[in-house]
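Each chain, written out:
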Amino acid sequence: MLIQQLVNGLTLGAVYTLLALSYSLVMGILGILNLAIAELFMIGGFIGFTLISAGFPLPVAVLGGMLGAASIAIIVEKIGYQPLRDAPLVTPMLSTLGFSIILQNIATNIWGSDPLQLPIFGEQFEIGPIRIGEMQLLVLGATVVLVALTAYIVQKTPMGRALRAVAENRDVARILGVSADRLMMLAFILSGALAGVAGVLIALHYGAITPYLGVEIGLKAIAVMVIGGTTRIWGALVAGPLIGIAEVLTVAYGGSQIRDFVVYGFMILILLLRPQGLLGGARSDQGQRV
């Protein structure tokens with residue numbers, strides 16, 4: 001039973017990782033917490049769920065969820081962030097919170113407030129005492145690939161160097177010829193695409209989705225981001241499985257009523273003992289992004 005719970009925890013943690021990475025991209029480059037990401041995750045899940053229900057293959061559903069969430073992220077950036085980027089940081093954050101509530105209401109009016117259900121996607125495999133589904137393998141594999149791809153783009157490509165330049169000093173980056181406006185939009189698009197993929201994978205894995213899916217998972221993903229290191233890409237890959245396993249084991253052996261206490265209690269402990277996160281640098285370089 002313990003090994004099975006570890007596998008389940010890794011799967012849940014993988015979804016937290018993708019969503020935490022979405023938060024980290026915007027936080028690291030723009031310095032704001034985009035609270036609409038949780039609902040982009042939910043919208044992506046609904047789009048993928050709808051495409052699968054209509055008979056489209058899985059790759060089309062994943063692509064649809066990714067493109068749908070990324071497209072909405074553009075709207076959020078254009079309306080909710082761009083006009084407010086010179087305002088105090090709390091102002092665009094509250095604007096994205098407003099967008100998250102609007103998106104939740106739109107989803108409720110389109111798909112209804114009751115959970116939508118679909119048969120569990122993919123086959124189930126038994127490896128000794130462990131039972132693992134095709135979707136679990138897909139979630140785990142997709143997470144590793146997407147985290148590695150994002151890290152490569154940010155750290156090794158010219159576009160990534162430009163993103164890091166904007167993160168360090170937006171005005172200097174403009175003087176050097178970097179199109180800061182275009183790159184800020186790109187940060188929103190990448191974060192929306194990652195959230196959309198995560199939404200599709202988790203909806204198909206559990207075979208159910210509601211307009212409120214993004215609220216709980218989104219808050220857990222913020223905790224993962226904080227624990228791993230607010231702007232550290234690889235921190236999400238470490239903290240996501242850690243929180244996923246902790247939550248699943250807590251439910252299995254302690255009861256579901258204390259799982260949030262364990263997750264957020266651990267986050268508070270990390271903030272007290274190591275505010276820069278598990279993979280963050282020394283306290284002196286906490287301002288460094290990406």
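So, how was this worked out
Residues numbered from 1 in each chain as written. Predicted model: local features only at pLDDT ≥ 70, side-chain atom pairs only at ≥ 80, totals over all residues. Heavy atoms only, no water. Helix = DSSP H or I, 4+ residues; strand = E, 2+ residues; numbered from the N terminus. Rg over C-alpha atoms; globule rule 2.2 N^0.38 Å. Buried < 20%, exposed > 50% of the residue type's maximum accessible area, 1.4 Å probe, protein only. Contact = heavy atoms within 4.5 Å. Areas by Shrake-Rupley, 256 points an atom, 1.4 Å probe, with all protein chains shown as cover. Lys, Arg positive; Asp, Glu negative; His and termini not counted. Charge placed at Lys NZ, Arg CZ, Asp CG, Glu CD. 1 Å grid on protein atoms, 1.4 Å probe; cavity = no way out; pocket = protein on both sides within 12 Å on 5 of 7 lines; lining within 4 Å. Points joined across faces, edges and corners; volume = space filled by probe spheres on them. Nonpolar A, V, L, I, M, F, W, Y, C, P; charged D, E, K, R; others polar. Salt bridge = Lys/Arg side-chain N within 4 Å of Asp/Glu carboxyl O. Axes fitted to C-alpha atoms, helices over the stretch in contact; angles between N-to-C directions. Parallel < 35°, antiparallel > 145°, perpendicular 65-115°, else oblique. Left-handed = near helix turned anticlockwise from the far one by under 90°. Pairing = 2+ DSSP bridges. Core = buried A, V, L, I, M, F, W, Y, C linked by side-chain atoms within 4.5 Å. Expected span 1.5 Å × (residues − 1). Phe/Tyr/Trp six-rings, centres within 6.5 Å; stacked < 30°, edge-to-face > 60°.

A.B. asks: Give me the overall build of the protein: which residues, what numbers.
C.D. replies: Assigned secondary structure in the protein consists of 11 helices and 4 strands. Radius of gyration (C-alpha) of the protein: 19 Å, near the 19 Å computed for a compact globule of 290 residues. With the principal axes as the frame, the protein shows a C-alpha extent of 60 × 45 × 35 Å. In the protein, buried positions account for 50% of the 290 residues. A fraction of 78% describes how many contacts in the protein between residues 6 or more apart in sequence connect residues 24 or more apart. A total accessible area of about 12,800 Å² is found for the protein, and carbon and sulfur atoms account for 68% of it. Taking the 15 positively charged and 14 negatively charged side chains of the protein as two groups, their mean positions are separated by 11 Å.

A.B. asks: Summarise the layout of surface pockets; cite the residues concerned and give the values.
C.D. replies: The calculated volume of the largest pocket comes to roughly 450 Å³. Around the largest pocket sit 23 residues that line it, and Leu-12, Ile-202, His-205, Tyr-206 and Ile-217 are the ones nearest its centre. Each residue belonging to the lining of the largest pocket can be placed in one class, and the counts come to 14 nonpolar, 5 polar and 4 charged.

A.B. asks: Lay out the pattern of salt bridges in plain terms, naming residues and giving numbers.
C.D. replies: Evaluated as defined, the whole model comprises 5 salt bridges. Two residues, Arg-259 and Glu-216, come together in a salt bridge whose shortest N-O distance is 3.1 Å. Linking Arg-259 in helix H11 (residues 259–273) with Glu-216 in helix H9 (residues 213–228), this pair joins segments that are 43 residues apart in sequence. On the basis of relative accessible area, Glu-216 is assigned to the partly exposed category, the value being 36%. Through salt bridges with shared partners, a single ionic network connects Glu-216, Lys-220, Glu-247, Arg-259 and Asp-260.

A.B. asks: Break down the environment of Ala-38 for me, with residues and values.
C.D. replies: The residue Ala-38 is located in helix H2 (residues 37–53) in this model. Taking relative accessible area as the criterion, Ala-38 reaches 6% and is therefore assigned buried. Considered as a pair, Ala-38 and Val-215 are 177 residues apart in the sequence and their alpha carbons are 6.3 Å apart. Contacts of Ala-38, omitting those with residues within four sequence positions, involve Tyr-23, Gly-214 and Gly-218.

A.B. asks: Give me the lowdown on the packing of H2 against H9, citing residues and values where you can.
C.D. replies: Put simply, H2 and H9 touch, their axes get as near as 8 Å, and they point 130 degrees apart. The angle between the axes of H2 and H9 places the two elements in the oblique class. Our pair here, H2 against H9, has a crossing hand that is right-handed. Seen from H2, the contacting residues are Ala-38, Glu-39, Phe-41 and Met-42; seen from H9, they are Leu-213, Gly-214, Val-215, Ile-217 and Gly-218. Of the residues assigned to the contact of H2 with H9, the class counts are 6 nonpolar, 2 polar and 1 charged.

A.B. asks: Report on the pairing of strand S2 (residues 124–127), specifying residues and quantitative values.
C.D. replies: Sheet topology places S2 next to strand S3 (residues 130–133); 4 bridges connect them, and they run antiparallel. Within the sheet, the bridge partner assigned to Glu-126 lies in S3 and is Arg-131.

A.B. asks: If you had to explain the nonpolar core to someone new, which residues and values would you point to?
C.D. replies: It is characteristic of soluble globular proteins that their nonpolar side chains tend to be buried jointly. The biggest cluster of nonpolar side chains holds 79 residues, and the ones touching the most others in it are Leu-19, Tyr-23, Leu-30, Phe-41 and Ile-217. Top contributing element to this core by residue count: helix H8 (residues 180–206), with 15 residues.

A.B. asks: Mind laying out H8, listing which residues take part and the relevant values?
C.D. replies: The end-to-end C-alpha separation of H8 is 39 Å, in line with the 39 Å expected for 27 residues at 1.5 Å each. Counting buried residues along H8, 22 of its 27 residues qualify, which places the element largely inside the surrounding structure. Residue Gly-207 follows H8 closely and has a positive phi angle near 70 degrees.

A.B. asks: Go over the packing of aromatic side chains with me, naming the residues and quoting the values.
C.D. replies: Inspection of the entire model under this criterion finds 2 aromatic pairs. When the ring of Phe-46 is compared with that of Trp-111, the centres are 4.4 Å apart and the planes differ by 10 degrees; the resulting orientation is stacked. Of this pair, Phe-46 sits in helix H2 while Trp-111 sits in helix H4 (residues 90–111); the two residues are 65 residues apart in sequence, bridging distant segments of the chain. Seen in terms of ring centroids, Tyr-81 and Phe-188 are 5.6 Å apart; in terms of plane orientation they differ by 35 degrees. Their pairing is tilted. Remark: Phe-188 occurs in helix H8 and Tyr-81 occurs in helix H3 (residues 58–81); sequence separation between them is 107 residues. Neither Tyr-81 nor Phe-188 differs from the other in exposure class; each is buried.

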